[in-house]
Amino acid sequence: MVESKHKWKAWLYLSPAIILLLVFTVWPIINTVRMAFLENYNSMGAVGGKIYAFGIGNFKQVLDYKLFLNCLGNTMLLTVLTVPLSTILALLIAVCLNAIKPLQRILQTIFFLPYVTNSIAIGMVFAAMFNMVGSAFGGENEIVVTAGIINNVIEFFGGEAVNWINAGSTYAANITVMVVYIVWNALPFKILILLGGLQSINKQYYDAARVDGTRRSRVFTKITVPLLSPMLAYVVITGFIGGFKEYSSIVGIFGEHMGPAGDAKRLNTMVGFIYDSLSTQQGRASAAALILFGIIFVVTMINLYVSKKKTHY
Amino acid sequence: MSDNKTMHAKDLQKVSSKQTAGKILSKFWVYLFLIVMALIVLFPFYWMLISSVKSIDEYRLSVPTLFPKEILWSNYVEAFNQANLGRLFLNTLYVGLVSTLLSLVITVLSAFAFARLEFKGKNALFAALLATMMIPGELFTITNYATVNSLGWMDSYTVLIVPFLVSVFYIYLLRQNFLQIPNELYLAAKVDGTSDLKYLWKVMIPLALPTLISITILKMMGAWNSYVWPRLVANDEKYQLITNGLRNAFTDSTGDVNIPVQMAAVAIVSLPLFLVFIFLRKYIMKGVSRSGIKG
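Residues numbered from 1 in each chain as written. Chains lettered and ligands numbered in written order. Predicted model: local features only at pLDDT ≥ 70, side-chain atom pairs only at ≥ 80, totals over all residues.

Of the regular secondary structure elements, chain B holds 14 helices and 0 strands. The helix and strand sequence of chain B, counted from the amino end, reads α-α-α-α-α-α-α-α-α-α-α-α-α-α. Burial statistics for chain B: of 295 residues in total, 37% are counted as buried. For chain B, restricting intrachain contacts to residue pairs at least 6 apart in sequence, the fraction spanning at least 24 positions comes to 76%. (Helix = DSSP H or I, 4+ residues; strand = E, 2+ residues; numbered from the N terminus. Buried ≥ 20, exposed ≤ 12 C-beta atoms within 10 Å, placed from the backbone. Contact = placed C-beta atoms within 7 Å.)

Here's what the structure looks like:
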């Protein structure tokens, strides 16, 4: 490395980045912690010259708040359901893709397609697929005209139509729709990473196993999974982080109300809670954001700890 | 000795023919599984496209048609007008281009400083930058909302561009790329009296072009898909971005939504992304596999 005579030059090059980071990254970190520990803080009052006492009241308030607990529950439930499901499905698809030659490229492209979509826009497509037009649960004059393509398929196989997302739908039905959409959305990235990992596994391991006549299932559990474990760990960790930040996929399907008509906010998440209180109750929003950060931090650490023990490098 | 050898070869043949039979069968299941999954993945796109050209009456048939009886292109015109897509397109394009350009300049300069120059506290600063990547963006949003409000930036292009110009991740990505370029080139340039900026422009940028293209695409896709921040700070129609405008255009109307028109709007918004994907697939997949972030 060159010992530059003009050290100020480095700082000159870095200055735009540093100035912007100071304003939009460093200051927010400090300020969020500050606001979270000032009881009942809101910026309107602060401008008016109100002095706030230091304390952990915001955290207590947030954790006592039924709405927040509801958001926390929704977020946890969606994460716990979607991360394992999408990871297993992605692993299966990636292993299968890796085992074939013809059609591999085109299939790979198809499986990546959901990634290059707008999660709000395609959410609206999913909503239409699950939507009952003129639902019987709406106004009195309305009759079901179409039950939505998903219900049509269910009825085709002899099942009964379900009210998925309209007024009067059950919580379980709503969550099912969200899980389907989130998994669909999460697959491309996971497949991409896992397939990349599979392709970098040395073929000699498989040749050796074949010479020994090892069973396929054993090859999978003893060679593929261990050698893929760093990628699996990566996919699971990013999956958890994404899961705890779930928000726009729900807006895509249910709109800003974050719930079926007549039961707004039923599916609200932690991020949604933060945005709801962001312009009026900054203290509460900051406390919630720090709690979110804490959860993500702890879950990531647990994941790293587990994967360090289990991961085969 | 030779006998033994043929025996061995025969055994191997037996084993391998048994394996081939099993292989063909299992290949069949592999293909079946993949094709079924691919159809499931593709179905929403198919449904979007065929619904977008159906008449509303046909859409509401209790037994849906899998292919439209008559193709109604007028849905697209209606969607374009109803959601004011022209204006939204231009806004998004403008914000995307300006923020990508400025962001590239900042990223290149910072990555160059971290990769090639020596200064006190370099490693500590770089580590501090990387540490901020762990913090969820929502934590910044609360304060940034107040900041842009007090700066008087609400409802402007500035508010959509400036707060997200610096991406630590892109700096990291480009720095790694710059580090791979042999230092000897830099030394030679120094001996020749080439200035840093000229060296950067003539040598490093061309060599790191694939990474820069990846960053450009991801940044543009980010502008196209961003929803939360634009919704918070720029709801004025003059500055609204496409995703926000799309969601608003079809939530405001109470009662019956004309779903075919809505699907046409969704198709219009999705199309540019698909075109970019088809032509620049390699860069996108490379960028994504290294970043793991959407946009």
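Following the structure, the description resumes.
When helices and strands are counted, chain A shows 13 helices and 0 strands. Along its sequence from the N terminus, chain A presents helices and strands in the succession α-α-α-α-α-α-α-α-α-α-α-α-α. For 313 residues, the compact-globule estimate of 2.2 N^0.38 gives 20 Å, and chain A exceeds it by more than 25% at 25 Å. Taken along the three principal axes of its C-alpha coordinates, chain A extends 80 × 80 × 35 Å. Evaluated residue by residue, chain A yields a buried proportion of 42% over its 313 residues. Partitioning the contacts of chain A with sequence separation of at least 6, the portion at a separation of at least 24 is 70%. (Rg over C-alpha atoms; globule rule 2.2 N^0.38 Å.)

Another aspect to go through is the packing of helix 5 (residues 104-112) of chain A against helix 8 (residues 171-199) of chain A. Residue and element names in this part refer to chain A. The contact between helix 5 and helix 8 brings their axes to 8 Å, and the two run at 140°. Classified by the angle between their axes, helix 5 and helix 8 sit oblique to one another. Across from Q108, F111 and F112 in helix 5, the residues of helix 8 making contact are L187, P188, I191, L192 and L195. Considered class by class, the residues forming the contact of helix 5 with helix 8 number 7 nonpolar, 1 polar and no charged. (Axes fitted to C-alpha atoms, helices over the stretch in contact; angles between N-to-C directions. Parallel < 35°, antiparallel > 145°, perpendicular 65-115°, else oblique. Nonpolar A, V, L, I, M, F, W, Y, C, P; charged D, E, K, R; others polar.)

Turning our eyes to something else, we now look at the packing of helix 13 (residues 282-310) of chain A against helix 6 (residues 137-150) of chain B. Contact geometry for helix 13 of chain A and helix 6 of chain B: axes closest at 8 Å, N-to-C directions at 155°. In terms of orientation, helix 13 of chain A lies roughly antiparallel with respect to helix 6 of chain B. Helix 13 of chain A and helix 6 of chain B meet at a crossing whose hand is left-handed. Side by side, helix 13 of chain A and helix 6 of chain B meet where Q282, A285, S286, A289, L292 and F293 of chain A of the first sit next to E138, L139, I142 and A146 of chain B of the second. When its residues are assigned to classes, the contact of helix 13 of chain A with helix 6 of chain B shows 7 nonpolar, 2 polar and 1 charged. (Left-handed = near helix turned anticlockwise from the far one by under 90°.)

This next bit is on the nonpolar core. For soluble globular proteins, the rule of thumb is that nonpolar side chains tend to be buried together. Ranked by size, the top nonpolar core spans 149 residues in total, and within it L194, I274 and A288 of chain A together with F112 and A265 of chain B carry the most contacts. Inspection of this core shows a minimum of three residues originating in each of domain 1 (2-52) and domain 2 (82-291) of chain B. (Core = buried A, V, L, I, M, F, W, Y, C linked by C-beta atoms within 7 Å. Domains from an automatic or database assignment.)

With that settled, consider the environment of K222 of chain A. Residues and elements named next belong to chain A. Within the secondary structure, K222 sits in helix 10 (residues 216-244). Here K222 falls in the partly exposed class, since 14 other C-beta atoms lie within 10 Å of it. Along the sequence, K222 and A209 sit 13 residues apart, while their C-alpha atoms lie 9.9 Å from each other.

We note that L103 of chain A has phi near 70°; this positive angle belongs to a residue other than glycine. Residue position: L103 of chain A is located in the loop between helix 4 (66-99) and helix 5. At N84 of chain B, a position not held by glycine, the phi torsion is positive, near 55°. Considering the arrangement of structural elements, one finds N84 of chain B in the loop between helix 3 (74-82) and helix 4 (85-116).

With that out of the way, let us pick up the domain arrangement of chain B. Residue and element names in this part refer to chain B. Taken domain by domain, chain B consists of domain 1 (2-52) and domain 2 (82-291). Between the C-alpha centres of domain 1 and domain 2 the distance comes to 41 Å. Residue-level contacts link 4 residues of domain 1 with 6 residues of domain 2. The class makeup of the residues in the side of domain 1 that touches domain 2 is 2 nonpolar, 2 polar and no charged.

Another aspect to go through is the interface of chain A and chain B. At the junction of the two partners, chain A supplies 78 residues and chain B supplies 72 residues. Of the residues that constitute the side of chain A that touches chain B, the class distribution is 54 nonpolar, 19 polar and 5 charged.

If you check helix 6 of chain B, its first and last C-alpha atoms are 20 Å apart, about what 14 residues at 1.5 Å a residue would give, namely 20 Å. Most pronounced at T143 of chain B, the bend in helix 6 of chain B amounts to some 30°. All of the buried residues along helix 6 of chain B are E138, L139, F140, T141, I142, T143, N144, Y145 and V148 of chain B. Summarising the contacts, the buried residues of helix 6 of chain B are in contact with helix 1 (7-36), helix 12 (270-277) and helix 13 of chain A together with helix 7 (157-161) and helix 12 (228-233) of chain B. (Expected span 1.5 Å × (residues − 1). Bend = angle between axes of the 7 residues up to and from the residue.)

The subject of this paragraph is the environment of V236 of chain A. All names here are of chain A. Examined against the element boundaries, V236 turns out to sit in helix 10. With 150 residues separating them along the chain, V236 and S86 place their C-alpha atoms 9.5 Å apart. Dropping the residues within four chain positions of it, V236 is found in contact with V83, T87 and N303.

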